[in-house]
Amino acid sequence: MPFAGLIVFDYETGLKTKLTYSQVGMTTHHSNLVQPLRKHAKAEPTVKLVEGIVTELVKDNGRVTGVKYREKDSQDLKVIRAPLTVISDGTYSKFRKVSPNVTDSETESHVIGIEIRNAEHPDPSYPEVGVGSPLVQTVTYRLDDTTSRVLIMFRDKPPENIAQFLEFQVAPNLPDFLQIPVLEALKRQSYYKCVQAKRTPASNDNLPGVLVLGDALNARDPIAASGMSATLNDVKFWQRTLSGIPDLSDDEAFLKQKELFMKQRKSYSWTVNMAAHTLITLGSERQSSSIKLRYALMRNTKALEDVPREVQQAASDLFSLLNVDEGLLRMLLFNSCRDAVLQCITWRSLIEPWKTVQDIYGIITKYRSIISADV
């Protein structure tokens, strides 16, 4: 389903703001996207599908040359070799730490997903992000005309009885349009799985013969709903790049492109990574400074919407030059350089909007090298 941006609301203050993206986004059932991709890949004449469970990587002289795997049907242990091995085994990857250079993952929150029916969204083209609750943060988005998904995120230890936790503690505190659909969903299904949401900084393993992609390379909290976007951008880079490397055994050429990849991907990945980290940390922290920052964020985002259209366009052009999405920028700035932002994005944006734009530009220019490092 297409969506145009996000509605962010604060459970504690009741403030609400709408962030519009520069491009239309999409939400979908994971299988509805992945299975057709799998079908098309299998249909390619040069593709041979072998199914099994990989047990370890094969290395020769410091180079990954293939994998050992247990065949799906026979359970026989076999080895398959190739000039390039792609690791894409998700957030809980067993193989992403292919070298000591790779940064460890850390658990940022816990997530429970609920599918609800016939919810009356305030604006169907804008998913809703709820922050500021001492209990949970939430994301709600449509999957089709009648079905929506609610992601419930919390940073504390998972409760022993998830169903009771959802029914008696979470549901009564949700927005009105969600309460009845969530309670009805709980009646249809009593068992819900709680999973860890990992924060995985991207690292250059600097190892020939192997490429790590997807959440195994770089993952962020699902509150930003941006994992597939980051992955497809990464795939797009390598789709163009691999065709320019005639021999995948040319380690020098491959490692040069891998280094370039790690630099170029930051133009889009650091935006969503910092936005996700900001939403989950700033949204759940109970310190007075965090509450004030959330309040300032909600108020000043709303103030910026009243800035004259030509000034908004100038700001959008500026952000485009920096490869930053305008809506997400407003959030990530609060995590990158909070004090500086509080000084420049104030109510004077209504009076001196050009000055505000110039201040933002100066802050981004000054802090970008810090922001883009390992996020």
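Residues numbered from 1 in each chain as written. Predicted model: local features only at pLDDT ≥ 70, side-chain atom pairs only at ≥ 80, totals over all residues. Heavy atoms only, no water.

> Is there a simple way to think about the overall build of the chain in this case?
Within the chain, the regular secondary structure consists of eleven helices and twelve strands. Relative to its 375 residues, the chain shows a buried fraction of 47%. Once local pairs closer than 6 in sequence are excluded, the contacts in the chain between residues at least 24 apart make up 67%. Carbon and sulfur atoms make up 52% of the accessible area of the chain, which totals about 19700 Å². (Helix = DSSP H or I, 4+ residues; strand = E, 2+ residues; numbered from the N terminus. Buried < 20%, exposed > 50% of the residue type's maximum accessible area, 1.4 Å probe, protein only. Contact = heavy atoms within 4.5 Å. Areas by Shrake-Rupley, 256 points an atom, 1.4 Å probe, with all protein chains shown as cover.)

> Please explain the confidence of the model for the chain as it appears in this structure.
In regions of low pLDDT, the predicted coordinates are not meant to be interpreted in detail. Averaged over every residue, the pLDDT of the chain is 78; the share at 70 or more is 74%. Within the model, pLDDT remains below 50 along residues 321–357, and this stretch shows 95 contacts once partners closer than five positions in the same chain are excluded. Low pLDDT, under 50, characterises residues 367–375; the predicted model gives this stretch 21 contacts beyond four residues in sequence or across chains. (pLDDT = per-residue confidence, 0-100.)

> Before we go on, may I ask you to explain empty space enclosed by the protein in this structure?
It is a probe the size of a water molecule, rolled over the atoms, that shows where empty space is left. Per the counting criterion, the structure on display carries eight cavities of 30 Å³ or more. Lining of the second largest cavity is provided by 14 residues; of these, Pro124, Tyr126, Pro127, Tyr141 and Arg142 occupy positions nearest its centre. For the lining of the second largest cavity, the secondary structure elements donating two or more residues are strand E1 (2–10) and strand E9 (137–142). The greatest single-element share of the lining of the second largest cavity, amounting to three residues, is contributed by E9. Considered class by class, the residues forming the lining of the second largest cavity number seven nonpolar, four polar and three charged. (1 Å grid on protein atoms, 1.4 Å probe; cavity = no way out; pocket = protein on both sides within 12 Å on 5 of 7 lines; lining within 4 Å. Points joined across faces, edges and corners; volume = space filled by probe spheres on them. Nonpolar A, V, L, I, M, F, W, Y, C, P; charged D, E, K, R; others polar.)

> What is the right way to read the nonpolar core from this model?
Note that soluble globular proteins tend to have their nonpolar side chains buried in a common cluster. Ile87, Trp238 and Phe261 are the most contacted members of the largest nonpolar core, which has 21 residues in total. If you list the elements that add at least two residues to this core, you get strand E4 (63–71), strand E12 (210–212), helix H4 (227–242) and helix H5 (251–264). Beyond its immediate stretch of four places on either side in the chain, isoleucine 87 contacts Leu57, Ser93, Phe95, Val98, Val210, Leu211, Val212, Leu213 and Ala216. The next biggest cluster of nonpolar side chains, apart from the first, holds 20 residues, and it includes Ile114, Ile162, Ala185 and Leu186. (Core = buried A, V, L, I, M, F, W, Y, C linked by side-chain atoms within 4.5 Å.)

> Looking at this structure, I do not really get the environment of phenylalanine 154. What am I missing?
Mapping phenylalanine 154 onto the fold places it in strand E10 (residues 147–154). If we ignore the near neighbours within four places in the chain, the residues touching phenylalanine 154 are Ser109, His110, Ile112, Leu135, Val136, Pro159, Phe165 and Cys194.

> Is there a simple way to think about the packing of H4 against H5 in this case?
Following both chains from N to C, one finds H4 and H5 inclined at 150 degrees, their axes separated by 11 Å at the closest point. Our classification of the angle between H4 and H5 gives roughly antiparallel. Of the two elements, H4 crosses H5, and the hand of that crossing is right-handed. Between H4, through Asp234, Phe237, Trp238 and Thr241, and H5, the contact on the second element is made entirely by Phe254, Gln257, Lys258, Leu260, Phe261 and Gln264. Along the lines of polarity and charge, the residues of the contact of H4 with H5 split into five nonpolar, three polar and two charged. (Axes fitted to C-alpha atoms, helices over the stretch in contact; angles between N-to-C directions. Parallel < 35°, antiparallel > 145°, perpendicular 65-115°, else oblique. Left-handed = near helix turned anticlockwise from the far one by under 90°.)

> Just to check I follow, could you spell out the packing of aromatic side chains for this structure?
One pass over the full model with this rule turns up six aromatic pairs. Between the aromatic rings of phenylalanine 9 and tyrosine 11, the centroid separation amounts to 5.1 Å while the plane-to-plane angle is 75 degrees, which identifies the pairing as edge-to-face. With a relative accessible area of 22%, tyrosine 11 lands in the partly exposed category. Ring geometry for phenylalanine 237 versus phenylalanine 261: centroids 5.2 Å apart, planes at 40 degrees, classification tilted. Of this pair, phenylalanine 237 sits in helix H4 while phenylalanine 261 sits in helix H5; the two residues are 24 residues apart in sequence, bridging distant segments of the chain. Given the relative accessible area of 1%, phenylalanine 261 is considered buried. An aromatic cluster is defined as three or more aromatic residues linked by ring pairs; in this entry it consists of Phe237, Trp238, Phe254 and Phe261. (Phe/Tyr/Trp six-rings, centres within 6.5 Å; stacked < 30°, edge-to-face > 60°.)

> What exactly am I supposed to notice about the sheet that holds strand E5 (residues 77–81) here?
Strand pairing in a sheet relies on backbone hydrogen bonds, with the paired strands running either antiparallel or parallel. As summarised here, the arrangement of the three strands in space is E3-E4-E5, forming an open sheet in which the pairing is antiparallel. Edge positions in the open sheet fall to strand E3 (52–60) and E5, since each of these has one partner strand only. Each neighbouring strand pair of the sheet contributes to a mean axis angle of 30 degrees, computed without reference to strand direction. Bridge count between E4 and E5: five bridges; the pairing is antiparallel. Bridge pairing in E5 links valine 67 to isoleucine 80. (Pairing = 2+ DSSP bridges.)

> Help me understand unusual backbone geometry in this model?
One non-glycine residue, asparagine 118, adopts positive backbone phi at about 55 degrees. Within the fold, asparagine 118 resides in the loop between strand E7 (106–117) and strand E8 (128–131). Given the relative accessible area of 58%, asparagine 118 is considered exposed.

> In this structure, what is going on with the environment of tyrosine 126? I would like to understand it.
Here tyrosine 126 lies in the loop between E7 and E8. Among the residues examined, tyrosine 126 registers a relative accessible area of 9% and is labelled buried. Taking the C-alpha atoms as reference points, tyrosine 126 and leucine 19, separated by 107 residues in sequence, lie 8.7 Å from one another. Leaving out residues up to four positions away in the same chain, tyrosine 126 has contacts with Ala4, Gly5, Leu6, Ile7, Lys18, Leu19 and Thr20.

> In this structure, what is going on with the side chain of arginine 149? I would like to understand it.
Considering the arrangement of structural elements, one finds arginine 149 in strand E10. Reaching out from arginine 149, the side chain makes a polar contact with the side chain of glutamate 115 at a distance of 3.4 Å. Beyond its immediate sequence surroundings of up to four residues, arginine 149 is in contact with Thr28, His29, Ile114, Glu115, Val139, Thr140, Tyr141 and Leu143. (Polar contact = N/O pair within 3.5 Å; in protein donor to acceptor, adjacent residues only side chain to side chain.)

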